[in-house]
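The primary structure of each chain is shown beneath.
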Amino acid sequence: MQEWTNPQRMSAYQPARKVMTYTILCFSLAGLIFGFAAGGFLGRGPNTAQTPPKSTPSIVHHMPSPAITVTPTPENIFLDDSIITHIATSEKADSTTSYTFSAQPVYKGTNKPIDVTDVTCRLWLTKDLDGTYAAISANKYAILHSISGLTQPFPLETPAALVFTPTVLQVQPCSASGSTTWTYTLSPTVTPGTYYLFVLADWKGTHFNTSARQIQVTA
């Protein structure tokens, strides 16, 4: 028996199908839109925020500074008249009686005793005060600019007058801790009269000063 299909019945179902199909498509499209929208909002939430990459701290290499050698500036010692701390104003030229002469070199303008070891002292006897000052100041104090020349006899120096004890030198380093001292006797060759004991303090032949004291020499 052949089945019969009513064309009117088929036509009645077709609109309903179309409505259902459209409805399903609309719900699907709405679901996709909602999914994208929700993903967008959730992506901005605090739990999904992207953590910025940690910056790697820069490494600084400190190179050691090269050693610098500093050459110290030489001291510059200015000297004033030495302070005479001990003297015998009357002396016998008998080569027996011992005498002591002491002087304290001082810094210029301060009267402060020197405390350095590179100042040279010299003691000598002369009969001519003014002539000795003129001699040592000649040619811009040329005689005092040579430390090695201080061991030679000075102009107008009474020759071989001071006989120093074996441990004492006529030219010696000035003391850096107190007075500089000479111990001596007077040679019998020194004739009686008025004389002057001169003491020199000389810093490297650059700065210097002298002091003089009068003494009476007896036979």
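See the structure shown above.
Residues numbered from 1 in each chain as written. Predicted model: local features only at pLDDT ≥ 70, side-chain atom pairs only at ≥ 80, totals over all residues. Heavy atoms only, no water.

A.B. asks: What am I meant to see in the sheet that holds strand β3 (residues 99-104) here?
C.D. replies: In any sheet, the strands associate via hydrogen bonds between backbone groups, in a parallel or an antiparallel arrangement. Spatially, four strands are ordered β1-β3-β7-β5 in an open sheet, and the strand pairing comes out antiparallel. On the outer flanks of this sheet lie β1 (83-86) and β5 (162-164), each paired with one strand and no other. Each neighbouring strand pair of the sheet contributes to a mean axis angle of 40°, computed without reference to strand direction. For β5 and strand β7 (residues 180-186), the ladder comprises three bridges, and the chain directions are antiparallel. Bridge pairing in β7 links F164 to Y184. (Pairing = 2+ DSSP bridges. Helix = DSSP H or I, 4+ residues; strand = E, 2+ residues; numbered from the N terminus. Axes fitted to C-alpha atoms, helices over the stretch in contact; angles between N-to-C directions.)

A.B. asks: Would you mind going over the packing of aromatic side chains with me for this structure?
C.D. replies: Two aromatic rings are characterised by how far apart their centres lie and by the angle between their planes. Enumeration over the complete set of coordinates arrives at seven aromatic pairs. When the centroid spacing of 4.8 Å and the interplanar angle of 65° are considered together, the rings of W124 and F154 count as edge-to-face. Of this pair, W124 sits in strand β4 (residues 119-126) while F154 sits in the loop between α2 (129-141) and β5, placing them 30 residues apart in sequence. In this structure W124 comes out as buried when scored by relative accessible area, which is 0%. Judged by relative accessible area, which is 5%, F154 ranks as buried. Centroid distance Y133 to F198: 5.0 Å. Interplanar angle 70°. Geometry classified as edge-to-face. Taken as a pair, Y133 in helix α2 and F198 in strand β8 (residues 193-203) lie far apart in primary sequence, 65 residues in all. Judged by relative accessible area, F198 falls into the buried class, the value being 0%. When the ring centre of F154 is taken as origin, the NZ or CZ atom of R122, which lies over that ring, is 3.8 Å away. (Phe/Tyr/Trp six-rings, centres within 6.5 Å; stacked < 30°, edge-to-face > 60°. Buried < 20%, exposed > 50% of the residue type's maximum accessible area, 1.4 Å probe, protein only. Lys NZ or Arg CZ within 6 Å of the ring centre and 35° of its normal.)

Everything listed here is a matter of coordinates, which is why it stays silent on function.
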